[in-house]
Amino acid sequence: QVQLVESGGGLVQPGGSLRLSCVVSGSISSINAMGWYRQAPGKQRELVASISRGGSANYADSVKGRFTISRDNAKNTVYLQMNSLKPEDTAVYYCNADVARTFYIGVRNYWGQGTQVTVSS
């Protein structure tokens, strides 16, 4: 079994910051790409940022210059530092990872349960 558990969401005022964390646990051989997605009410889930095992990052245009994705491979953890938050960043944020499980062939994609981020004054 593989589990992704997010933390760090909450309520913040516009212009504020939050740091999300996602820990991957279970029978893991390796973790390839990791990423953060978000889904606002009435909208489709969208990619916010992704990062390769080697650290190459990609961002949605809407968050470039404000959000930073990073990972700690030793801790099987991915982070999302969110600065200069705007009300339109309000959404449920989901962690995603491509995981190779111990004793299994191939890579599977896994999702976390989501953490709410609300930006409001």
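Only a predicted model underlies this, so the values are computations on that prediction, with no experimental measurement involved.

J.: Before we go on, may I ask you to explain the pattern of salt bridges in this structure?
T.: One side chain can pair with another of opposite charge once the charged atoms of both are near each other. Counted under the stated rule, the structure contains 4 salt bridges. Across the pair Arg 38 and Glu 46 runs a salt bridge whose closest N-O atoms are separated by 2.7 Å. Judged by its relative accessible area of 6%, Arg 38 is buried. Residue Glu 46 is classed as partly exposed on the basis of its relative accessible area, which comes to 36%. A salt bridge links Lys 64 to Asp 61; the nearest nitrogen and oxygen atoms lie 3.1 Å apart.

J.: Just to check I follow, could you spell out the packing of aromatic side chains for this structure?
T.: Applying the stated criterion across every chain, the model contains 2 aromatic pairs. A ring pair is formed by Tyr 37 and Trp 111, whose centres lie 4.9 Å apart and whose planes are at 65°; its orientation type is edge-to-face. With Tyr 37 in strand β4 (residues 28-39) and Trp 111 in strand β10 (residues 107-111), this pair connects stretches of sequence that are 74 residues apart. Ring centres of Tyr 94 and Trp 111 lie 6.5 Å apart, and the angle between their planes is 85°; on these two criteria the pair is classed as edge-to-face. One end of the pair, Tyr 94, is in strand β9 (residues 91-101); the other, Trp 111, is in strand β10, and 17 residues separate them in sequence.

J.: What exactly am I supposed to notice about the sheet that holds strand β1 (residues 2-7) here?
T.: Note on sheets: strands pair through backbone hydrogen bonds, and any given pair is parallel or antiparallel. Across the sheet, which stays open at both edges, the 4 strands sit in the order β1-β3-β8-β7 with antiparallel pairing between neighbours. Taken across any chain shown, the strands that pair with only one partner, and hence form the sheet edges, are β1 and β7 (67-72). Looking at each pair of strands side by side, their axes are set apart by 15° on average, direction ignored.

J.: Honestly, the nonpolar core in this entry has me stumped. Any pointers?
T.: Soluble, globular proteins show a tendency: their nonpolar side chains are buried together. Ranked by internal contacts, the top residues of the largest apolar core, which has 31 residues, are Val 24, Trp 36, Leu 80, Met 82 and Tyr 93. Elements represented by at least two residues in this core include exactly β1, β3 (18-26), β4, β5 (46-51), β7, β8 (77-82), β9 and β11 (115-119). It is β9 that provides the largest number of residues to this core, a total of 5 residues. Among residues more than four places away in sequence, those in contact with Met 82 are Gly 16, Ser 17, Leu 18, Leu 20, Arg 66, Phe 67, Tyr 93 and Val 117.

Thresholds applied
- Residues numbered from 1 in each chain as written.
- Predicted model: local features only at pLDDT ≥ 70, side-chain atom pairs only at ≥ 80, totals over all residues.
- Heavy atoms only, no water.
- Salt bridge = Lys/Arg side-chain N within 4 Å of Asp/Glu carboxyl O.
- Buried < 20%, exposed > 50% of the residue type's maximum accessible area, 1.4 Å probe, protein only.
- Phe/Tyr/Trp six-rings, centres within 6.5 Å; stacked < 30°, edge-to-face > 60°.
- Helix = DSSP H or I, 4+ residues; strand = E, 2+ residues; numbered from the N terminus.
- Pairing = 2+ DSSP bridges.
- Axes fitted to C-alpha atoms, helices over the stretch in contact; angles between N-to-C directions.
- Core = buried A, V, L, I, M, F, W, Y, C linked by side-chain atoms within 4.5 Å.
- Contact = heavy atoms within 4.5 Å.

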